[in-house]
There are 2 protein chains.
Amino acid sequence: MKVVTCTAPVNIAVIKYWGKRNEDLILPINSSLSVTLHQDQLKTTTSIAASRDFTEDRIWLNGKEGDISHSRLQSCLREIRRLARKRRNSAAEDTVSRILNYKVHICSVNNFPTAAGLASSAAGYACLVYTLAKLYGVEGELSEIARQGSGSACRSIYGGFVQWVMGEREDGKDSLAQQVETESHWPELRILILVVSAEKKHVGSTSGMQTSVETSPLLKLRAETVVPERMKDMIESIKKRDFESFGQLTMKDSNQFHATCLDTYPPIFYLNQISQRIISLVHRYNDHYGQTKVAYSFDAGPNAVIFTLEPTVDEFVELVKRSFPPESNGDTFLKGLPVKPGLLSPDLLSAVGSDLCPGGVQYIIATQPGPGPSKSEDVSLDLLGSDGLPKQSV
Amino acid sequence: MKVVTCTAPVNIAVIKYWGKRNEDLILPINSSLSVTLHQDQLKTTTSIAASRDFTEDRIWLNGKEGDISHSRLQSCLREIRRLARKRRNSAAEDTVSRILNYKVHICSVNNFPTAAGLASSAAGYACLVYTLAKLYGVEGELSEIARQGSGSACRSIYGGFVQWVMGEREDGKDSLAQQVETESHWPELRILILVVSAEKKHVGSTSGMQTSVETSPLLKLRAETVVPERMKDMIESIKKRDFESFGQLTMKDSNQFHATCLDTYPPIFYLNQISQRIISLVHRYNDHYGQTKVAYSFDAGPNAVIFTLEPTVDEFVELVKRSFPPESNGDTFLKGLPVKPGLLSPDLLSAVGSDLCPGGVQYIIATQPGPGPSKSEDVSLDLLGSDGLPKQSV
């Protein structure tokens, strides 16, 4: 039995992906761009074992056996095996040849709640594809395969700042992720995830974006005329580490994505009253300072992702804590990177208003840009035991 | 002293007006279309007195003296006096000549709460312009002047179904309201106003639409590419009395207007959680019947305007009552046209879900399409006394 264990990161889009031009190949109607989050805070770990003793492919997700026949899972398995066979033909490796005929057991866990709107499928499929690639000794371009698991997964194949170029080809061979800058490019950048609600979302992103493509005239116009310009501007603002421009584009693009959801018929609402309050808080905070010090982005759910620079973190977190007083005694309110208690000036407090909403934010995860997937060399981290089944602790 | 008293209606746009291409003349970036509501339920009453004893122009709005120097008010006064002078030259009338040199006292009241998001400025300016026209004996096209008071006021100059053609000229002479069909064209049509919150709105529509024009790329695309098509389709659906098409277009256009508000930077939110619940209730209701029996429209506030046909009113009102149980004992929950208690089938109840929100809807006004402004012949309705000041009861 051969076991390989890898980890992969979550990514947060700052130019949003919403809408496919091809449902099977997962080809998007516009390019998108994301920041890969650090795996110290958020990651998926996947172990894959191959053995001649296995009678069927099996998968366990967060401790429960899942459906291996799921079409997107099958796409990833099929494509990576096809790639491994192709490479094997040119540089024949005995081990790989043998393993390719074995069934696999896949075991995957997230260190964060699934379906909390934290793009777990992106990290999950990136990790699956990366781990399979390591198992079969496949090198090179993997984002095209990860994309076929979950569109945004292709961006989790790289660290730092990553664009998913939409491509033009019908077979999707040019619809790939590319690293724009590495994770060390903008060391001051920080990301705060404000977990607003862990409820499962009403409309899943797969069906939501399909309805949007079918019914929203504005989505089509956004994809064709707005995004191409914004991609250029966003890449430039990242390269220059220009937070003013980066933050504004991030907020505008998040708002436009949610606008197209509202333009969908029937309309889709992902932002709730707490999300709206966070948006208002961010704008008042920036207005107070006369510059964009903090920016929000929301995916297909009410949680806010806040981008800011290191010197602003303590104060802004304090402000969130004050505006959404934690209902429990607060020691689990802050997770991730250390945050020091901040001081709030009376001027700032009067500028942002005193409208309190207890319990509106459940907790905050503080993180930063991080690297792409990696292979674990520590066998103690394997999720599968020597019997090829998930370890008890998983 | 000469006193004239007139009334004018509220209108609800089903193709929304949002954005000016000329702020001074109030020229819109797209055409719009509205239904004029019946004055039995909602109206503005305005009395205007002219007397040589008056030393200055004065105005009272809902019992309080207002600022007569307000620029839009001045535009209307100036334009209608100019028109009166022009007409006088051709067909000299002694009375009008004399009155035109007098100062005026204007007194205006609404029979519904101002600033409740019920487009009180549309009825108000339409009534002002119409009453001034009667005072000065001006006949003919008044919508161009009403438009200069408040854009949507031009549509309140006519009854029934009214389009405001955006026009092309820089001087706005072709930016006019036109009646599409009279108020008797679609006798079964009913309108329910669900008053969600009487709070004053956060962002007024004048400044809101200005920010949208300046910052929303989607608004520009909507005005240029979506609305022209929708105007045609809407007029056709009204002419055919096709509620399926009328209702769907109404909902889609309301959603798209709010989408452009969200695409504005900083974003504007007019819909709250109750508005979202009403939207969801309407879609579930229609889904249950497999047809569009009810449609919503929201202006720059959280109140819902529901369009439906007479046979559906009782049941849908009952459903609203059930989903948003009135907090007081319910005898003031229903205003306007009579509504009978409806029966809700178990099938319907299980289809719409049992998520209750007590007090979410404050009250309902039931009404129907109605006629345009008219002059009162009953002097007891004059709001100004023989001393030229508001009567005590006003």
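Reading the values: the criteria
- Residues numbered from 1 in each chain as written.
- Chains lettered and ligands numbered in written order.
- Predicted model: local features only at pLDDT ≥ 70, side-chain atom pairs only at ≥ 80, totals over all residues.
- Heavy atoms only, no water.
- Contact = heavy atoms within 4.5 Å.
- Buried area = accessible area lost by both parts, 1.4 Å probe.
- Salt bridge = Lys/Arg side-chain N within 4 Å of Asp/Glu carboxyl O.
- Polar contact = N/O pair within 3.5 Å; in protein donor to acceptor, adjacent residues only side chain to side chain.
- Helix = DSSP H or I, 4+ residues; strand = E, 2+ residues; numbered from the N terminus.
- Core = buried A, V, L, I, M, F, W, Y, C linked by side-chain atoms within 4.5 Å.
- Buried < 20%, exposed > 50% of the residue type's maximum accessible area, 1.4 Å probe, protein only.
- Expected span 1.5 Å × (residues − 1).
- Least-squares fit on C-alpha atoms with pLDDT ≥ 70 in both.
- Phe/Tyr/Trp six-rings, centres within 6.5 Å; stacked < 30°, edge-to-face > 60°.
- Pairing = 2+ DSSP bridges.

Engineer: Even after reading the chapter, I still don't get the interface of chain B and chain A, so can you show me in this structure?
Structural biologist: Reports of interface size often rely on the accessible area that becomes lost once the parts have come together. Opposite the 29 residues of chain B that make contact, chain A presents 29 residues. Interface area for chain B against chain A, summed over the two sides, is near 2,400 Å², with a carbon-plus-sulfur share of 71%. The three residues of chain B that bury the most area against chain A are L218(B), L262(B) and Y265(B), which together make up 26% of that side's buried surface. Across the chain B-chain A interface, the total number found is 0 salt bridges. Taken together, the connections running from chain B to chain A amount to 2 residue pairs in polar contact (both at pLDDT 80 or more). Every element with two or more residues in the side of chain B that touches chain A is listed here: α6 (217–239), α7 (243–262) and α8 (273–289) of chain B.

Engineer: Sorry, what's going on with the nonpolar core here?
Structural biologist: The nonpolar side chains of soluble globular proteins are, as a tendency, buried together. Counting 134 residues, the largest nonpolar core has F246(A), I278(A), F316(A), F246(B), I278(B) and F316(B) as its most contacted members. Discounting residues that sit within four places of it in the chain, I278(A) has contacts with L194(A), V196(A), F298(A), A304(A), I306(A), F324(A) and V361(A).

Engineer: Honestly, helix α3 (residues 120–136) of chain A in this entry has me stumped. Any pointers?
Structural biologist: Helical geometry: 3.6 residues make up each α-helical turn, so side chains three or four residues apart lie on a common side. All names here are of chain A. Across its 17 residues, α3 extends 24 Å between first and last C-alpha, which sits within 8% of the 24 Å expected from 1.5 Å per residue. Of all 17 residues that make up α3, 14 are buried, and the element is covered over most of its length. Once α3 finishes, G137 follows within two positions and takes phi at roughly 70°, a positive value.

Engineer: Got a minute to help me understand the relation of the copies chain B and chain A in this structure?
Structural biologist: Superposing chain B onto chain A takes a rotation of 180° plus a shift of 0.0 Å along the axis, which leaves an RMSD of 0.0 Å. Both copies of the chain, as the preceding transformation shows, are related through a two-fold rotation axis. For chain B, the smallest separation between a C-alpha atom and the rotation axis is recorded for A259(B), amounting to 2.1 Å. Of all interface residues in chain B, 100% are interface residues in chain A too; the two copies therefore contact each other through one and the same surface.

Engineer: Could you clarify how one ought to interpret the packing of aromatic side chains in this entry?
Structural biologist: Pairs of aromatic rings are described using the distance from one ring centre to the other and the angle between the two planes. All names here are of chain A. Using the criterion set out here, one finds 24 aromatic pairs over all chains in the structure. Their ring planes at 50° and their centres at 5.9 Å tell us that F243 and F246 sit as a pair that is tilted. Placement of the pair is F243 and F246 together in helix α7 (residues 243–262), with a separation of 3 residues, close to one helical turn. Taken individually, F243 and F246 each receive the classification buried, so the pair is uniform in this respect. Aromatic pair F246 and F307: ring centres 5.5 Å apart, planes at 85°, arrangement edge-to-face.

Engineer: So what exactly am I meant to see when it comes to the pairing of strand β6 (residues 43–51) of chain A here?
Structural biologist: The side chains of a regular strand alternate, first on one face of the sheet and then on the other. All names here are of chain A. Across the 9 residues of β6, 8 count as buried, placing the element largely inside the fold. Examined bridge by bridge, strand β1 (residues 2–9) and β6 share 8 bridges and lie antiparallel to one another. Bridging from a neighbouring strand, T7 pairs with T45 of β6. As paired strands, β6 and strand β9 (residues 103–110) are joined by 8 bridges and run antiparallel to one another. Its bridge partner being in β9, A50 is matched across the sheet by V104.

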